[in-house]
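What follows is each chain in one-letter form.
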Amino acid sequence: RALTSSREFGSNVAHELRTPLTSMRLNLDLLRGADLEPDDQTLILEQMLSQHDRLLRTLGALRLLSRGDLTQGESNFEEVDLIDLVSQAIERNFGGDKDIDLSVDLSNEIPLVMGWREGLDVAFGNVFENIRSHAVLPNQKLAVNVIARLTEGYVRIFIEDNGPGIEPTQRAHVLERFYQVTDGNRQGSGLGLSLVDQQMAIHDGIVVIGESELGGTLITLSFPIEKNNQS
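Read on for a plain summary of the structure. (Residues numbered from 1 in each chain as written. Predicted model: local features only at pLDDT ≥ 70, side-chain atom pairs only at ≥ 80, totals over all residues. Heavy atoms only, no water.)

1. Comments concerning the overall build of the protein
A count of helical and extended segments in the protein gives five helices and seven strands. Counting helices and strands in the order they occur from the N terminus, the protein gives α-α-β-α-β-β-α-β-β-α-β-β. Within the protein, the proportion of its 231 residues that are buried is 40%. Residue pairs at least 24 apart in sequence account for 70% of intrachain contacts in the protein once pairs closer than 6 positions are excluded. Accessible area of the protein: about 13,200 Å², with a carbon and sulfur share of 50%. (Helix = DSSP H or I, 4+ residues; strand = E, 2+ residues; numbered from the N terminus. Buried < 20%, exposed > 50% of the residue type's maximum accessible area, 1.4 Å probe, protein only. Contact = heavy atoms within 4.5 Å. Areas by Shrake-Rupley, 256 points an atom, 1.4 Å probe, with all protein chains shown as cover.)

Quick look at the structure:
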């Protein structure tokens, strides 16, 4: 099973890297062999920059997935302020953007938890990056609500948007590596939410994807705190 999984993973990696590389090569051939107008050259260069960025994002995600797969768990853990990490991720992705209706309600009762700081930072960042990439609808201002609560032995982070949402039949699949929602958008690598799922598993947590009251997607990240309080 491990060998089969490794082969499938390698095949998917090769496919994800081959697609932008092939496109970049075609564009290079056009630039080298065709007598193009300046506007056409600019368009091709912009496409190549976009493809280059996609390659870098894919390689970065693969590196982080590998690190997560190889982490030694609690040997990398330290006391982490989840609220601080969430706040930083919000600022990186939405700070100062007047085109987003952002509501943040983070309880001041959230305790520190034991966790892998870099991994959690990646998880929160990928949730917000996924919203920016897939939740924006034409002629509608993006709305994002972020709520943190301490309930029933869990720290729960609720993140919702008013985007197109995710069909119930696809909600479990979007957490799989390389899976992409069939909406014609091929800008991502299909790795963002799988990184979130990996990090929640490392931290004995749970990620649940549902429907937002705003009409889009609701992502709930639940972190158990019982073992964090044992000393």
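2. Some details on the environment of Glu152
Residue position: Glu152 is located in the loop between strand E4 (142–151) and strand E5 (154–161). Separated by 72 residues in the primary sequence, Glu152 and Pro224 have C-alpha atoms spaced 9.0 Å apart.

3. A word on the pairing of strand E7 (residues 217–224)
Burial analysis of E7 places seven of its eight residues in the buried class, which makes it a mostly covered element. Looking at chain direction, E5 and E7 are connected through seven bridges and run antiparallel. Along E7, the bridge assignment pairs Ile157 with Leu221. Bridge count for strand E6 (residues 206–211) against E7 is six bridges, and the pairing is antiparallel. Bridge pairing links Ile209 to Ile219 in E7. Between the end of E6 and the start of E7, which pair antiparallel, lie five residues, with Gly215 showing a positive phi angle near 105°. (Pairing = 2+ DSSP bridges.)

4. Notes on the side chain of Ser107
Summarising the element assignment, Ser107 is placed in the loop between strand E2 (100–106) and strand E3 (113–115). Setting aside anything within four residues of it in sequence, one finds Ser107 in contact with Ile83, Ala148 and Arg149.

5. Side note on the sheet that holds E5
Strand order in this open sheet of five strands is E2-E4-E5-E7-E6, and the pairing throughout is mixed. With partners counted over all chains shown, the strands left at the sheet margins are E2 and E6, one partner each. This sheet shows a mean twist of 15° between the axes of neighbouring strands, independent of strand direction. On top of the sheet, helix H3 (residues 82–94) reaches E2, E4, E5 and E7; it is set at about 175° to E2, its chief contact. Here helix H4 (residues 117–134) sits on the sheet in contact with E2, E4, E5 and E7, set at roughly 20° to E5. (Axes fitted to C-alpha atoms, helices over the stretch in contact; angles between N-to-C directions.)

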